[in-house]
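This is what each chain is made of:
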Amino acid sequence: NLCKDRGYTKFVFVRPDLFCRMPAVDLSDIGPNTMYNISDIVNDSNGQLFLSDIFFILDTIALERMSNFYDYCKQLVVTEQMKNIHIQLAEFVQLHNINLNWQKLCVGNYVPIRDNMLHMFDNKILSDKYSVNDLFNKAHEWNINLLG
């Protein structure tokens, strides 16, 4: 309601731990009931639906529908039907017929910042001595260490 009162029509959601270099996006291109995401809904290695949750842009209709996502997941937890958040997000977007556009944002670079990368930043900006590829390598290293 606060957004409606202020006349906002587009909304950007970014994980707070995300480093991104994204392409320029013309927000006027976002159609009704549309979510821009960095990827399409895909099947993971287990055949489950998967949708990234790290960065997306929504119009007012899609935001209104997505605002029910928390209650949707809460009900799944209560009934012990909750799966992975990415699976539930993909199912929710499909169930609520939210249009998904991934072509605009998929060409960017998106890396969740982990503790093994913090030294690569000066004043929250990637240091000149590191590249985005260095971040990807550190992300890969972090994932390998996580899996043991």
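For the structure itself, consult the block above.
Residues numbered from 1 in each chain as written. Predicted model: local features only at pLDDT ≥ 70, side-chain atom pairs only at ≥ 80, totals over all residues. Heavy atoms only, no water.

We now examine the overall build of the protein chain. When its secondary structure is counted, the protein chain shows five helices and 10 strands. The dimensions of the protein chain, computed from C-alpha atoms along their principal axes, are 45 × 40 × 25 Å. Across the 148 residues in the protein chain, those meeting the buried criterion constitute 34%. Restricting to contacts in the protein chain with at least 6 residues of sequence separation, those with at least 24 account for 67%. When the accessible area of the protein chain is evaluated, it comes to approximately 9500 Å², of which 52% is carbon and sulfur surface. Averaging the locations of the 13 positively and 17 negatively charged side chains of the protein chain gives two centres separated by 3 Å. (Helix = DSSP H or I, 4+ residues; strand = E, 2+ residues; numbered from the N terminus. Buried < 20%, exposed > 50% of the residue type's maximum accessible area, 1.4 Å probe, protein only. Contact = heavy atoms within 4.5 Å. Areas by Shrake-Rupley, 256 points an atom, 1.4 Å probe, with all protein chains shown as cover. Lys, Arg positive; Asp, Glu negative; His and termini not counted. Charge placed at Lys NZ, Arg CZ, Asp CG, Glu CD.)

Below, the discussion takes up the packing of helix 3 (residues 69-78) against helix 4 (residues 85-95). Their axes nearest at 11 Å, the elements helix 3 and helix 4 cross at an angle of 120°. It follows that helix 3 is oblique to helix 4 by the angle criterion. When the axes of helix 3 and helix 4 are compared, the crossing they make is right-handed. Contact with helix 3, carried on its side by Phe69, Tyr72, Cys73 and Leu76, involves Ile85, Gln88, Leu89, Glu91, Phe92 and Leu95 of helix 4 and no other residues of that element. Residue composition of the contact of helix 3 with helix 4, grouped by class: eight nonpolar, one polar and one charged. (Axes fitted to C-alpha atoms, helices over the stretch in contact; angles between N-to-C directions. Parallel < 35°, antiparallel > 145°, perpendicular 65-115°, else oblique. Left-handed = near helix turned anticlockwise from the far one by under 90°. Nonpolar A, V, L, I, M, F, W, Y, C, P; charged D, E, K, R; others polar.)

Before going further, it helps to examine the environment of serine 131. With respect to the helices, strands and loops of the structure, serine 131 is situated in the loop between strand 10 (125-126) and helix 5 (132-147). Residue classification places serine 131 among the partly exposed residues on the basis of a relative accessible area of 31%. Separated by 11 residues in sequence, serine 131 and methionine 120 have C-alpha atoms that sit 9.3 Å apart.

One side chain can pair with another of opposite charge once the charged atoms of both are near each other. Evaluated as defined, the whole model comprises five salt bridges. As a salt-bridge pair, lysine 104 and aspartate 29 come within 3.7 Å of each other at their nearest N and O atoms. Of this pair, lysine 104 sits in the loop between strand 7 (99-101) and strand 8 (109-112) while aspartate 29 sits in the loop between strand 2 (18-21) and strand 3 (34-37); the two residues are 75 residues apart in sequence, bridging distant segments of the chain. A salt bridge links glutamate 91 to lysine 83, with the shortest nitrogen-to-oxygen separation between them at 3.2 Å. For glutamate 91, a relative accessible area of 23% corresponds to the partly exposed category. If you follow the salt bridges from partner to partner, you end up with Arg15, Asp17 and Arg114 in one network. (Salt bridge = Lys/Arg side-chain N within 4 Å of Asp/Glu carboxyl O.)

Of the positions making up helix 4, those classed as buried are His86, Ile87, Gln88, Leu89, Ala90, Phe92 and Val93. The inward-facing, buried residues of helix 4 contact strand 3, strand 5 (49-50), helix 2 (60-66) and helix 3. Asparagine 97 lies just past helix 4 and shows a positive phi near 50°.

On to the side chain of glutamine 88. Along the chain, glutamine 88 turns up in helix 4. Exposure remark for glutamine 88: the relative accessible area of 1% places this residue in the buried category. With near-sequence residues (within four places) excluded, glutamine 88 lies in contact with Phe69, Tyr72, Cys73, Leu76, Gln81, Met82 and Lys83.

Turning our attention to the nonpolar core. Met35, Leu51, Leu58, Met66, Val93 and Ile98 are the most contacted members of the largest nonpolar core, which has 16 residues in total. For this core, the secondary-structure elements that each account for two or more residues are strand 6 (55-59), helix 2, helix 3 and helix 4. The element contributing the most residues to this core is helix 4, with four residues. In contact with valine 93, other than residues within four places in its own chain, are Met35, Ile41, Leu51, Met66 and Ile98. (Core = buried A, V, L, I, M, F, W, Y, C linked by side-chain atoms within 4.5 Å.)

So yeah, pure geometry; function would need other evidence.
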